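Residue-level structure breakdown
The residues making up each chain are set out below.
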Amino acid sequence: MFVRKSWSNEVASKHLNSYFTKLLKSSRHQTGLQVWIDSSGFTYRYAVGGISATTGAAIALNQPFHTASIGKVFTAVLIMKLAERGKLSLGSPVMTLLPSSELENLFVYRDVDYANQVTIKQLLGHTSGVADYFEDPVIHKPTFMQRIVANPQERWTPETLIEFTRRNQRSLGPPTSRFHYSDTGYILLGRIIEHITEKSFSDNLHDEIFSPLQMKDSYLMFYSQPEHTPAEPIQDIWLNKVEISRLPCLTCDWAGGGIVTTPQDLLLFQKALWNGTCVDAVSLQAMTTFTHKFRNGIHYGLGMMEIHFEGFFFLLRGLPRLQGHSGILGTHMFSHPETGTHIVMNFGSSTAIVRSYRALIEVVTTLKRMGEWG
């Protein structure tokens, strides 16, 4: 009987190097990419392309980059830490944790205000009914995405982000009636963290996560600095085919995804999340109970995604289910806790989302050829 020989580390590395080099060459509106893989028998580090389209400087293996919505995992961890300390519970009504003025007109659906029914868990799991300032339709144009591209010098605060939803969007339904991904909900979670702790969201990130885990190159963009100073330049950020990495409009993220970090720091975070350093087992179980479908192939818990590859294409059935989060810029942070496998990727472009997921499939199938999944 013919037995297929497993790929060696060398063969797998050469294959992935070739794959990612060709992928970047065929891509537009993207300056570079980074890929880090840690598994029980395979360590892979690769970066190709440049830091900036204007300078031509080569990207480093551990170049800092904007994580986009990977930051939601960090926000969820901070909330879970507060729950573990008895400062709130997942069932806590948001109305008891924020001034009513901050919630005004955010949860009104068909002339009924549901603000007093919204809980922390619903915000974490995107079932509160609040609209998403970043991608949802608006009452009066331009949309938020159009506005930040057209006005790159405009600065945003948590208050003005919430105000955008309040004035320009409508609730999607009563709490728990449907899953609807919402950056606005995570801005509210950031404000709740600030109200309870009486210190800034960025200070919470540093005090509770970055410093304890020795994530010395991580910070909240526009709000803090990394422990390693001066901060290295970040990888280019392409949003809707416009490069915005050095523009004030990037203040539009905050608690929904404004963290700058490096592949090495994200691996530190991933490992701490799964070994119990970040949150306890009860909190992690809540975060990784994936009760809703984000879209085909992606299920959602509380600030965490789970990848069901067969949801992308039925022939991918049998691939392991990865847990973590991705972002609009083709950023990925996924783990397979059963085998201790961790994957970090950064494409740095909103046009790269589809090809970044194809790349994730390529990484996972490569690991399978190596025998990493048993």
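Predicted model only: the values in this text are computed from it and were never measured.

The next point concerns the state of the cysteines. Under the defined criterion, the tally for this structure stands at 0 disulfides. In this structure C249 is a free cysteine whose sulfur lies 6.3 Å from that of C252, the closest cysteine sulfur available.

Before going further, it helps to spend a moment on the nonpolar core. Counting residues in each nonpolar core, the largest one holds 114 residues, and the members touching the most others are F20, F74, F107, I209 and F269. Of the residues forming this core, the biggest block, 8 residues, is contributed by helix α2 (residues 71-84). Residues contacting F20, with those up to four places away along its chain left out, are L33, V35, Y44, Y46, V48, M345, F347, A359 and V363.

Bringing the packing of aromatic side chains into the picture now. For the structure shown, the criterion picks out 20 aromatic pairs. Residues Y133 and F144 carry aromatic rings whose centres are separated by 5.0 Å and whose planes lie at 70° to one another, so their mutual orientation is edge-to-face. With Y133 in the loop between α4 (120-124) and α5 (144-150) and F144 in helix α5, this pair connects stretches of sequence that are 11 residues apart. For Y133, a relative accessible area of 0% corresponds to the buried category. Residue class for F144 comes out buried when judged on its relative accessible area of 0%. Through a chain of ring-to-ring contacts, the aromatic side chains of Y133, F134, F144, W156 and F164 assemble into a single cluster. Sitting over the face of the ring of Y186, K72 holds its NZ or CZ atom 5.7 Å from the ring centroid. Its end group placed over the ring of F294, R295 keeps NZ or CZ at 4.4 Å from the ring centre.

Across the sheet, which stays open at both edges, the 8 strands sit in the order β2-β1-β15-β14-β13-β12-β11-β10 with antiparallel pairing between neighbours. Each edge of the sheet is formed by a strand with only one pairing partner; in this case those strands are β2 (43-49) and β10 (292-295). Strand-to-strand twist across the sheet, computed as the mean angle between neighbouring axes with direction ignored, equals 20°. By the bridge criterion, 7 bridges tie strand β1 (residues 32-38) to β2 in an arrangement that is antiparallel. Paired with G32 across the strands is G49, a residue of β2. The strands touched by helix α1 (residues 9-25) are β1, β2 and β15 (341-346); relative to β2, the strand with the most contacts, the crossing angle is about 25°.

Criteria and thresholds
Residues numbered from 1 in each chain as written. Predicted model: local features only at pLDDT ≥ 70, side-chain atom pairs only at ≥ 80, totals over all residues. Heavy atoms only, no water. Disulfide = S-S within 2.5 Å. Core = buried A, V, L, I, M, F, W, Y, C linked by side-chain atoms within 4.5 Å. Buried < 20%, exposed > 50% of the residue type's maximum accessible area, 1.4 Å probe, protein only. Helix = DSSP H or I, 4+ residues; strand = E, 2+ residues; numbered from the N terminus. Contact = heavy atoms within 4.5 Å. Phe/Tyr/Trp six-rings, centres within 6.5 Å; stacked < 30°, edge-to-face > 60°. Lys NZ or Arg CZ within 6 Å of the ring centre and 35° of its normal. Pairing = 2+ DSSP bridges. Axes fitted to C-alpha atoms, helices over the stretch in contact; angles between N-to-C directions.

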